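A closer look at the structure
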Amino acid sequence: MGFADQRFNVNLSILFTELPLLERPAAAAAAGFTAVELWWPWVDSPTPGQSELDALHRAIRDAGVRLTGLNFYAGQLPGPDRGALSVPGEESERFRANIDVAAGFAESLGCTALNALYGNRVDGVDPAEQDALALENLVLAARAADRIGAVLLIEALNQPESPRYPLVSAPAAVGVVDRVNAATGLDNARFLMDLYHLAMNGEDLPQVIERYTAGTGHVQIADSPGRGAPGTGSLPLEDLLDRLGKAGYEGWVGLEYKPGDRPSAEAFDWLPREARAAR
């Protein structure tokens, strides 16, 4: 096995960002990829105008790539925010306004995975209050995902880079997944296993893979330290992906790494071109 046996997609919110948004799908296709994923592209608007949605839809369609993952509105990301759904007040309302917009856009492109970032802790707000709000909003998101035949992804981030984010371990994120599934009865919430974040948290990655692969809906990778391409750090990513495959994972692996001081098109030399097109 190895990298050539995986189904990779390119995250267009961290790679090809030297290009305007509407040019990135074609750039990914030119690099040999046939699948892409995105954070919510309009950080200032959970409900962009139809013309903006249509323009991105055309760019993805015309590039001949498939959208395989999309984040719900998550506030300023990249930036100080780590999601909106557990933040009381305006941000939570913006998340709710975004749910049907994001689900509709995903459905229009056959995307079946929607990622909901939990949100940072807020000074002066009881964490239990935030968790109750989060569950309420995640239930709404799970139901919207179910209506389009999609899964709802819940992700653990890493504590050094996201110190106010409460889900900074695999067990913490999986616990939320379980609560959402129990609340909805839909069983469509899944763990997003980001190997970079988990490594930064010091977790035992082979153990995480053994324990949580069955409930994993998506995997993302970057090397650590540095969040660069495979081979720029010390993570044995090829071995870890092999372990995932042996544990039964057959889904997408999102390339969510920084290209470094070079154009994104040059940041894939670790992966033979013939292995970039999804099979």
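Residues numbered from 1 in each chain as written. Predicted model: local features only at pLDDT ≥ 70, side-chain atom pairs only at ≥ 80, totals over all residues. Heavy atoms only, no water.

In spatial order, the strands read β1-β2-β3-β4-β5-β6-β7-β8; together these eight strands close into a barrel with parallel pairing. Between one strand axis and the next, the sheet turns by 30 degrees as a mean value, whatever way the strands run. Inspection of the sheet shows strand β4 (residues 113-115) paired to strand β5 (residues 151-155) by three bridges, in the parallel sense. Pairing of Leu114 across the sheet is with Leu152, part of β5. Sitting on the sheet, helix α4 (residues 127-147) is in contact with β4 and β5, with an inclination near 140 degrees to β5. (Pairing = 2+ DSSP bridges. Helix = DSSP H or I, 4+ residues; strand = E, 2+ residues; numbered from the N terminus. Axes fitted to C-alpha atoms, helices over the stretch in contact; angles between N-to-C directions. Contact = heavy atoms within 4.5 Å.)

This brings us to the environment of Val122. Structurally, Val122 can be placed in the loop between β4 and α4. Considered as a pair, Val122 and Glu90 are 32 residues apart in the sequence and their alpha carbons are 13 Å apart. Among residues more than four places away in sequence, those in contact with Val122 are Val87, Pro88, Gln130 and Arg164.

One can describe the packing of helix α2 (residues 50-63) onto helix α3 (residues 90-108) by two numbers: an axis separation of 11 Å at closest approach and a directional angle of 30 degrees. Comparing the axis directions of α2 and α3 gives the class roughly parallel. In this structure, the crossing between α2 and α3 has a hand that is right-handed. Along the contact surface, α2 presents Leu53, Leu56, His57 and Ile60, while α3 presents Val101, Phe105 and Ser108. Class assignment of the residues belonging to the contact of α2 with α3 gives a composition of five nonpolar, two polar and no charged. (Parallel < 35°, antiparallel > 145°, perpendicular 65-115°, else oblique. Left-handed = near helix turned anticlockwise from the far one by under 90°. Nonpolar A, V, L, I, M, F, W, Y, C, P; charged D, E, K, R; others polar.)

Let us look at the pairing of strand β7 (residues 216-221). Successive side chains on a regular strand alternate, one facing one side of the sheet and the next facing the other. Burial within β7 is extensive, with five of its six residues counted as buried. Strand direction decides the pairing type here: strand β6 (residues 189-194) and β7, joined by four bridges, are parallel. Opposite Leu192, over in β7, you have His218 as the bridge partner. Where β7 meets strand β8 (residues 252-255), three bridges bridge the pair, whose relative direction is parallel. Among the inter-strand pairings, Gln220 is bridged to a residue of β8, identified as Gly254. (Buried < 20%, exposed > 50% of the residue type's maximum accessible area, 1.4 Å probe, protein only.)

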